[in-house]
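Residue-level listing of the chains:
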Amino acid sequence: SQQGEEDPQALSIQEGENATMNCSYKTSINNLQWYRQNSGRGLVHLILIRSNEREKHSGRLRVTLDTSKKSSSLLITASRAADTASYFCATVEGKGANNLFFGTGTRLTVIP
Amino acid sequence: DAGVTQSPTHLIKTRGQQVTLRCSPISGHKSVSWYQQVLGQGPQFIFQYYEKEERGRGNFPDRFSARQFPNYSSELNVNALLLGDSALYLCASSLWGYTEAFFGQGTRLTVV
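As the structure is a prediction and not an experimental result, all values here were calculated from the model.

About the thresholds
Residues numbered from 1 in each chain as written. Chains lettered and ligands numbered in written order. Predicted model: local features only at pLDDT ≥ 70, side-chain atom pairs only at ≥ 80, totals over all residues. Heavy atoms only, no water. Helix = DSSP H or I, 4+ residues; strand = E, 2+ residues; numbered from the N terminus. Rg over C-alpha atoms; globule rule 2.2 N^0.38 Å. Buried < 20%, exposed > 50% of the residue type's maximum accessible area, 1.4 Å probe, protein only. Contact = heavy atoms within 4.5 Å. Areas by Shrake-Rupley, 256 points an atom, 1.4 Å probe, with all protein chains shown as cover. Lys, Arg positive; Asp, Glu negative; His and termini not counted. Charge placed at Lys NZ, Arg CZ, Asp CG, Glu CD. Pairing = 2+ DSSP bridges. Salt bridge = Lys/Arg side-chain N within 4 Å of Asp/Glu carboxyl O. Axes fitted to C-alpha atoms, helices over the stretch in contact; angles between N-to-C directions.

Draft legend 1. A look at the overall build of chain A. Along chain A, the regular secondary structure elements total zero helices and 11 strands. When the helices and strands of chain A are listed from N to C terminus, the series reads β-β-β-β-β-β-β-β-β-β-β. Taken over C-alpha atoms, the radius of gyration comes to 13 Å for chain A, in line with the 13 Å a tight globule of 112 residues would show. In chain A, buried positions account for 47% of the 112 residues. When contacts within chain A are restricted to residue pairs at least 6 apart in sequence, those whose partners lie at least 24 apart make up 56%. Carbon and sulfur atoms make up 47% of the accessible area of chain A, which totals about 5100 Å². Charge centroids of chain A, computed over 13 positive and 10 negative side chains, lie 5 Å from each other.

Below, the structure written as structure tokens:
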């Protein structure tokens, strides 16, 4: 079963616009990570935010984490056609292992 | 530097057969995890191995097994294949601890 859910399931925007994806999870976590997947192949790590952090930036990416609400959001600014992909959040629980529990994913389409 | 490599990339098997998937981690990474991704869903955790020992197991039947070799490469075995085992099987390597995972391109298994 999935750890959480992502919202929306699909998002279509024009190039240059911002894209926001939300993730909710169920259990206490050590950290939360966002991954990108192109065309059903391997996943690429985008950003990691620890449970004691509230916001993190990496290039055009901004991630927030609200542990009280068990939710996170990923903002991609000034989107490009090359950002078209599926985006997944994944949580790591505090059990001494770094097994990833993935959400259901958001399919982002950026229209040129 | 070579990333995570998986073989084969595609595989077609008949119901009831057995399959072995292979994974070579990034040099220096001692942890290898396996995930199953059914079309349209997020990856689901199957196994994690560290230093040749199983450190985590997801909710999968005993038909699924894995092992890690002294060079930290890994094999995932699935016996008595079912149609529902058709999926993308992803291998990820990482440093031990709460860190990011690096994924291979996956093995697409089709059971007919």
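Draft legend 2. Region of interest: the pairing of strand S5 (residues 43-50) of chain A. All names here are of chain A. The pairing of strand S4 (residues 31-37) with S5 spans seven bridges and is classified as antiparallel. Bridging from a neighbouring strand, Tyr35 pairs with His45 of S5. Taking the residues that link successive antiparallel strands as the turn, the S4-S5 hairpin has five residues, and the phi of Ser39 there is positive, at about 50°.

Draft legend 3. Fine view of the pattern of salt bridges. The full count for this structure, using the stated rule, is 11 salt bridges over all chains. A salt bridge links Arg36 of chain A to Asp83 of chain A; the shortest N-O distance between them is 3.9 Å. Separated by 47 residues along the polypeptide, Arg36 of chain A in strand S4 and Asp83 of chain A in the loop between strand S8 (71-76) and strand S9 (85-92) bring together distant segments of the chain. Taking the relative accessible area as the measure of exposure, Arg36 of chain A reaches 17% and is therefore buried. Relative accessible area serves as the criterion here: at 6%, Asp83 of chain A is assigned to the buried category. For Glu75 of chain B, the salt bridge goes to Arg22 of chain B, with nearest N and O atoms at 3.4 Å. Taken together, the residues Glu75 of chain B in strand S8 (residues 74-78) and Arg22 of chain B in strand S3 (residues 19-24) connect sequence positions 53 residues apart. Given a relative accessible area of 41%, Arg22 of chain B falls into the partly exposed group. Residues joined by salt bridges that share partners form a network here, namely Arg36, Arg60 and Asp83 of chain A.

Draft legend 4. Expanded view of the environment of Thr77 of chain A. Residues and elements named next belong to chain A. Structurally, the position occupied by Thr77 is in the loop between S8 and S9. When the C-alpha atoms of Thr77 and Arg36 are compared, they prove to be 15 Å apart, with 41 residues separating the residues in sequence. If we ignore the near neighbours within four places in the chain, the residues touching Thr77 are Glu17, Asn18 and Arg60.

Draft legend 5. Spatial organisation of the sheet that holds strand S7 (residues 64-68) of chain B. All names here are of chain B. Strand order in the open sheet formed by four strands is S1-S3-S8-S7, and the pairing between neighbours is antiparallel. At either end of the open sheet lies a strand with only one pairing partner, and these are strand S1 (5-7) and S7. Ignoring strand direction, the axes of neighbouring strands in this sheet form an average angle of 15°. Here five bridges tie S3 to S8, and the two strands are oriented antiparallel to one another. Residue pairing across strands places Cys23 opposite Ser74, the latter belonging to S8.

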